[in-house]
Amino acid sequence: MSALPASVTGDLIQAVYFAAALLFIIGLKRMSSPKGARGGIIWAGVGMLIAGLVTFLWPGMHNDILILTAIFVGGLAAWWSGKRVPMTAMPQMVALYNGMGGGAAAAIACQELVRGHPFAPAPVVLAVIGALIGAVSFSGSLIAFAKLQGLIKKSLRYRGQQIVNFLVLLATVVVGAWMIALRGDAPMQLVIAFFALALAFGVLVTIPIGGADMPVVISLYNACTGLAVAFEGFVLGNAAMIIAGMVVGAAGTLLTQLMAKAMNRSLANVLFSNFGESAAQGGTIAGSLKPIDAADAGVMIAYAEKVIVVPGYGMAVAQAQHKIWELCQLLIDRGVTVRFAIHPVAGRMPGHMNVLLAEAGVPYDLIGDLDEINAEFDTTDVALIIGANDVVNPVARTDKSSPIYGMPILNADRAKNVIVIKRGQGAGFSGIENALFYLDNTRMLYGDAQKAAAELIQAVKAG
Amino acid sequence: MTGIIALYIFMLAAFTGYEVIARVPVILHTPLMSGSNFVHGIVLVGAMVELGNAHTPLERTIGFIGVLLASGNVVGGYVSTERMLEMFKSSQDKRKGGRA
């Protein structure tokens, strides 16, 4: 496909693409602060809208009806699903939409390659690399979606899996190199083989990864799609695609690192080990679990000066965030200082818990993240742990033999009293016993988080 | 666009992306990931040009799939990001607008 010719229309298109790239960067910048965040997505949205509209003026464009139909069908399906998905399912929806972007980048490369026109060396290399990354991001994201959505329950693992995966990747690279050597003028069978191998690799590499690690993988695929878009942008001579894609590629890579770091795992560890679901055994813990009933727990928090709530994914699963906020409002009205402490990996990905709390109406200035709130536990009367486990386990600080040793945790054990709302006596996501639950100042309130919160509300009202 | 100019763009855009995200608080990580997911939806314009220049039935089919997927990326990315960000309010905002 030819690059944009120099003409009035061509200049207009270039100018609008430039404006769009600027709007994307401003939008992303604004999204980095809670105050401007809402505006940020609107800025980026305006950029997308003008870039899309001006593209209809591209010289020699036809198939307008087909284009509009595809936009309408794809957009409507995404709009419908995006509007009705519950907030707890947001991570897998991001995976799904991201996979579609990767698939679109792969489709662009595919079209360039089946067209069979001669390429210059640089574009054909980037077209093929972009196609590989885009196709892996597409099939990998779909698997990630299926796993988090519960469509695939098992993580398929077998001996020699990594060798098989490596061989598939190697075969993909060999076929890709062959297409590059042919300057993109490759026979159809080769193109089909290439995409089949790349898609298969995305499936194979994602399927053994456990649900706990999936957010890191989704973030990685998000960065991958950005890169694929940037590379295909180079092939098409489209600066807006290069800039937007590369910005997302870099930002997504950083975000992936931050997530992996918060989980105390290296990226290689996430991708190539089986920790995500296997149970690890730490040492046994002395002491006993001391239960408490809701009435006593209610009195404890009602007469406290300061309460820190530590929510985990268990709270979100029980849909208890609304009841918990109702409880906290009661406490605030009584003059109790209430804060929320959020671990970076509470919920399913960094920031997911903040979204869930925001949905329940919790103002963001009551929410503190790890660094700012950890100092406050020493002056806290009650730490209320709801459905969180590994992120408050003090063995991460104390026990070098523990698999989670070194992971940053919330120091809930330093509060004067700890109340843990928990469904049963099982261990956390990682399968490690929680030493916090056995401390002298910890009391266990067993039950479903939503029911327990309702009982606490009654108890506080009575107190 | 010459290769060397493109290389400069690649480099500068990569640093921009890194810097823009470096100052993001953890509470916005999920919306931001969703927002950046929306931004790479710009692949739509490339997919549109491809379909707009498709001549054979095969090219049209691939082009159609490309635009279909890219539109899903754009619209889904926007709707989910917007829904998440809409909910971020401070205590002061709430007092002004009444409790939701």
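Every value quoted in this text rests on a predicted model; they were computed, and no experiment measured them. (Residues numbered from 1 in each chain as written. Chains lettered and ligands numbered in written order. Predicted model: local features only at pLDDT ≥ 70, side-chain atom pairs only at ≥ 80, totals over all residues. Heavy atoms only, no water.)

If you had to explain the sheet that holds strand β5 (residues 417-422) of chain A to someone new, which residues and values would you point to?
Residue and element names in this part refer to chain A. Read from one edge of the open sheet, six strands run β3-β2-β1-β4-β5-β6, paired in parallel fashion. Each edge of the open sheet carries a strand with a single partner, namely β3 (367-369) and β6 (442-446). Sheet twist, expressed as the average angle between the axes of neighbouring strands with direction ignored, equals 25°. Where strand β2 (residues 337-342) meets β3, three bridges bridge the pair, whose relative direction is parallel. Paired with A341 across the bridge in β3 is G368. Contacts between helix α14 (residues 352-360) and the sheet are confined to β1 (306-311), β2 and β3, with β2 contributing the most and set at about 145° to the helix. Its contacts with the sheet put helix α17 (residues 449-462) on β4 (382-386), β5 and β6, and the angle it makes with β5 is roughly 130°. (Pairing = 2+ DSSP bridges. Helix = DSSP H or I, 4+ residues; strand = E, 2+ residues; numbered from the N terminus. Axes fitted to C-alpha atoms, helices over the stretch in contact; angles between N-to-C directions. Contact = heavy atoms within 4.5 Å.)

Account for the environment of S32 of chain A, with residues named and values stated.
Take S32 of chain A: it is sitting in the loop between α1 (8-30) and α2 (37-55). A relative accessible area of 9% places S32 of chain A in the buried class. If sequence neighbours within four positions are ignored, S32 of chain A has contacts with V20, R23, V24, P25 and L28 of chain B. (Buried < 20%, exposed > 50% of the residue type's maximum accessible area, 1.4 Å probe, protein only.)

Talk me through the nonpolar core; I want residue IDs and the actual numbers.
Of all hydrophobic cores here, the largest spans 123 residues; its most connected members are I301, V309, I324, F340 and L445 of chain A together with F10 and I42 of chain B. With 11 residues, helix α9 (residues 239-262) of chain A is the single largest residue contributor to this core. Once you skip the residues sitting within four places of it in the chain, F10 of chain B turns out to touch L126, A230, F231, F234, I242 and M246 of chain A. In this structure, F119, A144, A186 and F195 of chain A belong to the second largest nonpolar core, which totals 43 residues. (Core = buried A, V, L, I, M, F, W, Y, C linked by side-chain atoms within 4.5 Å.)

Account for the packing of α2 of chain A against helix α4 (residues 57-86) of chain B, naming residues and giving values.
Direction vectors running N to C along α2 of chain A and α4 of chain B enclose 160°, while the axes themselves pass 9 Å from each other. Put simply, α2 of chain A runs roughly antiparallel to α4 of chain B. Read as a crossing pair, α2 of chain A and α4 of chain B show a hand that is left-handed. Counting all contacts with α2 of chain A, which are made through A37, R38, I41, I42, G45 and M48 of chain A, the residues of α4 of chain B involved are V74, Y78, T81, E82, L85 and E86 of chain B. Its residues placed into classes, the contact of α2 of chain A with α4 of chain B shows seven nonpolar, two polar and three charged. (Parallel < 35°, antiparallel > 145°, perpendicular 65-115°, else oblique. Left-handed = near helix turned anticlockwise from the far one by under 90°. Nonpolar A, V, L, I, M, F, W, Y, C, P; charged D, E, K, R; others polar.)

Function cannot be read off these values alone, since they describe shape.
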